[in-house]
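# Per-entry structural report
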Amino acid sequence: MTTSARLKRDTQQQQHNSCASVRGLERKGLPTTDMSLLRLCAPARRLVLSKGLATEPNFKGCSRAASGAVEDKEPLKKAKTPQGRLDGPEEASQSALKSENCLFLFSHKPNPFAKLIAKGREIAWSPYHFQAKQFSCHPAEFPDDVNPETKEKGGPRGPEPTRYGDWERKGRCVDF
Amino acid sequence: MASVRVASRLLSKRVLPKTKAISTQYPVVDHEFDAVVVGAGGAGLRAAFGLSEAGFNTACVTKLFPTSTNVLSLGNMEEDDWRWHFYDTVKGSDWLGDQDAIHYMTEQAPAAVVELENFGMPFSRTEDGKIYQRAFGGQSLKFGKGGQAHRCCCVADRTGHSLLHTLYGRSLRYDTSYFVEYFALDLLMENGECKGVIALCMEDGSIHRFRAQNTVIATGGYGRTYFSCTSAHTSTGDGNAMVTRAGLPCQDLEFVQFHPTGIYGAGCLITEGCRGEGGILLNSEGERFMERYAPNAKDLASRDVVSRSMTIEIREGRGVGPEKDHVHLQLHHLPPQQLATRLPGISETAMIFAGVDVTKEPIPVLPTVHYNMGGIPTNYKGQVITHAEGKDKVVPGLYACGESACASVHGANRLGANSLLDLVVFGRACALTIAEEHKPGEKLSPLAPSAGEESVANMDKLRFANGSQRTSEIRLNMQKTMQAHAAVFRTGAVLKEGCVKMDAIYQTLDDIKTFDRGIVWNTDLVESLELQNLMLNAVQTINSAEQRKESRGAHAREDFKNRVDEYDYSKPLQGQEKVPYEQHWRKHTMSYVDPKTGKVTLEYRPVIDNSLDEQECAPVPPAIRSY
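Residues numbered from 1 in each chain as written. Chains lettered and ligands numbered in written order. Predicted model: local features only at pLDDT ≥ 70, side-chain atom pairs only at ≥ 80, totals over all residues. Heavy atoms only, no water.

### Overview of the overall build of chain A
Definition in use: Here a helix means four or more residues in a row that DSSP labels H or I, a strand means two or more in a row labelled E, and each is numbered from the N terminus. Three exposure classes are used, based on accessible area relative to the maximum for each residue type with a 1.4 Å probe and protein chains only: buried under 20%, partly exposed in between, and exposed over 50%. Should any heavy atoms of two residues lie within 4.5 Å, those residues are counted as being in contact. The protein chains shown are the only cover counted for residues, whose accessible areas, like all others here, come from Shrake-Rupley with a 1.4 Å probe.
A count of helical and extended segments in chain A gives 5 helices and 4 strands. For chain A, the sequential pattern of α-helices and β-strands runs α-α-α-β-β-α-α-β-β. Residues classed as buried in chain A amount to 32% of the 176 residues present. The contacts of chain A with a sequence gap of at least 6 include a subset with a gap of at least 24, amounting to 41%. Of the roughly 11600 Å² that chain A leaves accessible, carbon and sulfur atoms contribute 56%.

Structure (structure tokens):
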């Protein structure tokens, strides 16, 4: 991040926690009233803050192996976000993505999993409650990310988006 | 060297307010930069990054965080035979596009794609490792005679998203200063020259004046003037309004692209595939009304026919819903298994955005805005122009790119797959032009100490407004009026009625009522400022549409169904007399508004028919547009 962007970010963060920062400023004996003065004081405060951080390492960071590759000492923790009304349980959706139940055929051949999908649909489509367990609307990834028909690598998953003349994804038209 | 630059920037940037000339209530902070970019979408980021790379001290002022801006598109750029792409684009624009700008865009397209790819955008590949290109509608080979062209490049399903992230990452590397969540209020103009931007910091209510030799506007379109649009709530035409308030014209605002089936309320578009697979449109009587309008094609008629039919049904009172303002798209008569295989994901989309189960209920849809062809007039280099005494005149210090600009490459109708290309090429063009004509560290011309005080006064007035109509009420009135009168179905009486209504709604802005009197994160104030901007765009759109008495591209009128050009191109030109300029319509509309009264003045500007180099790329003479 550039110096100026960091400066800006720090200034913003300070103003967000205005009470805390005012108290902090008072502790350090710096004036608190004028906003523009606050900005001038920002560089000084940032130095103080960053020094504080340096003395109390509370994150482990990465280490370098002998081969030069970077390894994580601690695995990154995933943030816990609140569950939405239409969210399925996460582990279930992950397994559903990998399971065969949701293999979508990208040609117009009859789907051998029709019965499974229909059953899943009955459970899944009760109003306002999507169970990702049995039925997932995310097209499965192609093996190796290569589309078997068109040999496109890294392309859109599922059926060809331009098959109807516009760009279709999940029933929506993405128009550009 | 870099550290000296950084230090001097830190010193020069934060100048304490020595003068109280602007406002006693708001702290004013003055900044000095070489260039300011307003807006951090695709075009804004590309311009900001290009300028920083060229060594200019650049600020990017944006009301949203850069990667959250709504670039819905997928990147579709062309790699070879750019002259055929040139032809496709000129034809798509219905010969209202400026051919020099189109030449520039299509010729630069391959370079722009390769550049993006070098920045790290992971385009999809063929087996050989080349960028994979697919076919897309409207792209042909050999000037329309060689069949379908395969030109579309993409990054899996998220090209626009990927573009933003790539550009944002690159720009940080070059020390661009980002001023995030700063709402740009107005341009600082002096003697017809643009000297910077004045903005409101939403976080603490302070006013910031960004003085710069070069200002680039990249604020996007104004979809939110209509009731149903795909754009984000923040798509409010701020750049167009700033330019209008500065006394400069906006170009071709009447050309607005509609998609027939957008979900009512949410605004997401339902793919044409739904109708292609057998979905039907129904009115309140349960009638498949497309049979009346297009007996053969029925629901598979072309987009504009479907949109117009839907609008006519709604106008004649056969709409559905409590306000009878939309129609139904029915899919539940199709076997659910077929839906699941042919249109995977449609059930999820319908449930999330419309709250319906497609196997049981129809989806509520209505024609939806998704792109604005018009905007701030520029030349092919990205410099903003006005038109006086029959000639284009450059406005010094002001540039525009992206959807907010009108170069004009899209003319009367944007060809599918050109939007992202437009962003990237013209964002780059602005940066290149500025680098050509100016040097980093140039001395800024002096600015009056009270510059921008009208903007602050207006903001102050809005903050303490105590009329009788809320912002949301006025906005809804405007949106419904525009949707009813200036949407797909346009005819003289309807447009005139709309103009009168919009004029009345414009006057109600004086009676606006806001509630939040605070200064920190006052979203009520920002929404009211945005409403003012939307209004300016709306009145220009509807008045320009009312005046243009022909049908061209996206502007289709029932009472004037044909194009009115200087010759009748449906017949051989031999023996035809050229229609005088005042009487034909193959010209750009330039609209001005007096912000106090809301009165719109219209002038016209000829289309540029010559390309940049006749030898390299022959211009395409006008012809009847048929596909």
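So much for the structure itself; the text now carries on.
### Some remarks on the sheet that holds strand β13 (residues 363–372) of chain B
Residues and elements named next belong to chain B. Worth spelling out the cut-off: Two strands qualify as a pair provided DSSP detects at least 2 bridges between them. Angles run from 0 to 180 degrees between N-to-C directions of axes, and those axes are lines fitted to C-alpha atoms, restricted for helices to the stretch in contact.
Judged by pairing direction, the sheet is antiparallel, and its 4 strands sit side by side in the order β10-β13-β12-β11 without closing on themselves. In this open sheet, the two strands that pair with only one neighbour each are β10 (256–263) and β11 (280–282). In this sheet, adjacent strand axes meet at a mean angle of 45 degrees when their direction is disregarded. Where β11 lies against strand β12 (residues 327–330), 3 bridges are found, and the strand directions are antiparallel. Bridging across to β12, I280 finds its partner in Q330.

### Focus on the UniProt feature "binding site: substrate" (unreviewed entry) in chain B
Inclusion rule: UniProt positions are given in the numbering used here, feature names are shortened, and annotations may be inferred rather than shown by experiment.
UniProt annotation of "binding site: substrate" (unreviewed entry) refers to H259, T271, H370 and R414 of chain B when read in the numbering used here. Locating T271 of chain B in the fold gives a position in the loop between β10 and α7 (273–276). We classify T271 of chain B as buried; its relative accessible area is 0%. Not counting chain neighbours up to four residues away, the residues in contact with T271 of chain B comprise Y164, D166, E168, G171, R172 and C173 of chain A together with L343 of chain B. Within the element layout of this structure, H370 of chain B appears in strand β13. For H370 of chain B, a relative accessible area of 12% puts it in the buried group.

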